[in-house]
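Summary of structural features
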Amino acid sequence: KAQLGWVASKQGRVDDALALVSEARALLAETAPAGKAPNPPVLDAIAADALARVWRWDDAVAPAKACTERAPQNAAAWVVYARVLGSVGDNAGALAAATQGLTYAPRDQDLLRSQATALAALGLIAGSAVTIALADTPKGNAMSTTAIAQPVADTIVTYMPAGYREIARRPVTVDNEGAEL
């Protein structure tokens, strides 16, 4: 049921995805003692993904949060939660979620993007600088992190977990798919 839920989510069939999640929860409840049914984070991840794909951001907050609570070291869960919070206008929450996710994946592009977007929305860095930092490069070109305006990079790094600040400050050249060169 969970795999079918992922497929339905990716196809934008939110009602089918949510129904499959409910069916999976019911099947788990049947196999466990009363009140002790397992509640794997994947079911919340499917629900959050399905709702986010059709821009039902308010509805996606609870399952996205639940997924981070049940799988706190899963960077992908923090990506979805940061994106959902930013989309409902909770920029402080989005910043906190992105920062937490960066603890586990310090160079994750989606987390860095959510972090920069939240910082800009909170007025902590200029929006035009974030546009420069997040701009895609043309196919075949490379972009160096040193090309990002230094004040933007310094502000973003300030919000990173302490152990990753030096890693993040190291200049890295990447191709437009994000692979290091």
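Located above this text is the structure these notes cover.
Anyway, here's the lowdown on the structure attached to this text. (Residues numbered from 1 in each chain as written. Predicted model: local features only at pLDDT ≥ 70, side-chain atom pairs only at ≥ 80, totals over all residues. Heavy atoms only, no water.)

Moving on to the overall build of the protein chain. Looking only at helices and strands, one finds 10 helices and 2 strands in the protein chain. For the protein chain, the succession of helices and strands along the chain, N to C, is α-α-α-α-α-α-α-α-β-α-α-β. In the protein chain, which comprises 181 residues, the share counted as buried stands at 36%. Looking at the protein chain alone, contacts between residues at least 24 apart form 52% of all its contacts between residues at least 6 apart. Split by element, the accessible area of the protein chain, about 9700 Å² in all, is 56% carbon and sulfur. (Helix = DSSP H or I, 4+ residues; strand = E, 2+ residues; numbered from the N terminus. Buried < 20%, exposed > 50% of the residue type's maximum accessible area, 1.4 Å probe, protein only. Contact = heavy atoms within 4.5 Å. Areas by Shrake-Rupley, 256 points an atom, 1.4 Å probe, with all protein chains shown as cover.)

Next up on the list: the pattern of salt bridges. What the rule picks out here adds up to 9 salt bridges. Linking Arg-25 and Asp-44 is a salt bridge whose minimum nitrogen-to-oxygen distance equals 2.9 Å. Residue Arg-25 is found in helix H2 (residues 14-31), and its partner Asp-44 is found in helix H3 (residues 41-53); the two are separated by 19 residues along the sequence. Given a relative accessible area of 5%, Asp-44 falls into the buried group. Here Arg-70 makes a salt bridge to Asp-44, at a shortest N to O gap of 2.3 Å. One end of the pair, Arg-70, is in helix H4 (residues 57-70); the other, Asp-44, is in helix H3, with 26 residues separating them in the sequence. One salt-bridge network, in which partners are shared between bridges, spans Arg-25, Asp-44 and Arg-70. (Salt bridge = Lys/Arg side-chain N within 4 Å of Asp/Glu carboxyl O.)

Below, the discussion takes up the packing of helix H5 (residues 75-87) against helix H6 (residues 91-104). Put simply, H5 and H6 touch, their axes get as near as 8 Å, and they point 165° apart. One way to sum up the angle between H5 and H6 is to call them roughly antiparallel. For the element pair H5 and H6, the recorded crossing hand is left-handed. Every residue of H6 that contacts H5 at Ala-75, Trp-78, Tyr-81, Ala-82, Leu-85 and Gly-86 is listed here: Asn-91, Gly-93, Ala-94, Ala-97, Ala-98, Gln-100, Gly-101 and Tyr-104. Grouping the constituent residues of the contact of H5 with H6 by class yields 9 nonpolar, 5 polar and no charged. (Axes fitted to C-alpha atoms, helices over the stretch in contact; angles between N-to-C directions. Parallel < 35°, antiparallel > 145°, perpendicular 65-115°, else oblique. Left-handed = near helix turned anticlockwise from the far one by under 90°. Nonpolar A, V, L, I, M, F, W, Y, C, P; charged D, E, K, R; others polar.)

A separate point is H6. For H6, spanning 14 residues, the distance from its first C-alpha to its last is 20 Å, which sits close to the expected 20 Å at 1.5 Å a residue. If you follow the buried residues of H6, they end up packed against H5 and helix H7 (109-121). (Expected span 1.5 Å × (residues − 1).)

Tracing the sequence through the fold places Ala-19 in helix H2. Judged by its relative accessible area of 35%, Ala-19 falls in the partly exposed class.

Right, let's get into the nonpolar core. Ala-64, Trp-78, Tyr-81, Val-84, Leu-85, Ala-97 and Leu-111 are the most contacted members of the largest nonpolar core, which totals 28 residues. For this core, the leading source of residues is H5, giving 7 residues. (Core = buried A, V, L, I, M, F, W, Y, C linked by side-chain atoms within 4.5 Å.)

On to unusual backbone geometry. Glycine aside, negative phi is the norm for most residues, and most peptide bonds take the trans geometry. In the Ramachandran plot, Trp-55 falls in the positive-phi region, its phi being about 60° despite a non-glycine side chain. Turning to its location among the elements, Trp-55 is positioned in the loop between H3 and H4.

Turning our eyes to something else, we now look at the environment of Trp-57. Inspection of the secondary structure assignment puts Trp-57 in helix H4. Sequence separation between Trp-57 and Leu-85 is 28 residues; the distance between their C-alpha atoms is 7.9 Å. Excluding residues within four positions of it along the chain, Trp-57 makes contact with Ala-52, Arg-83, Val-84, Ser-87 and Val-88.

Here H7 spans 18 Å end to end across 13 residues, near enough to the 18 Å set by a 1.5 Å rise per residue. Listed as buried for H7 are Leu-111, Ser-114, Gln-115, Ala-116, Ala-118 and Leu-119. Measuring from the backbone nitrogen of Asp-110 back to the side-chain oxygen at the start of H7 gives 2.9 Å, which picks out Asp-108 as the cap. Directly after H7, the chain includes Gly-123, whose backbone phi takes a positive value near 75°. (Polar contact = N/O pair within 3.5 Å; in protein donor to acceptor, adjacent residues only side chain to side chain.)

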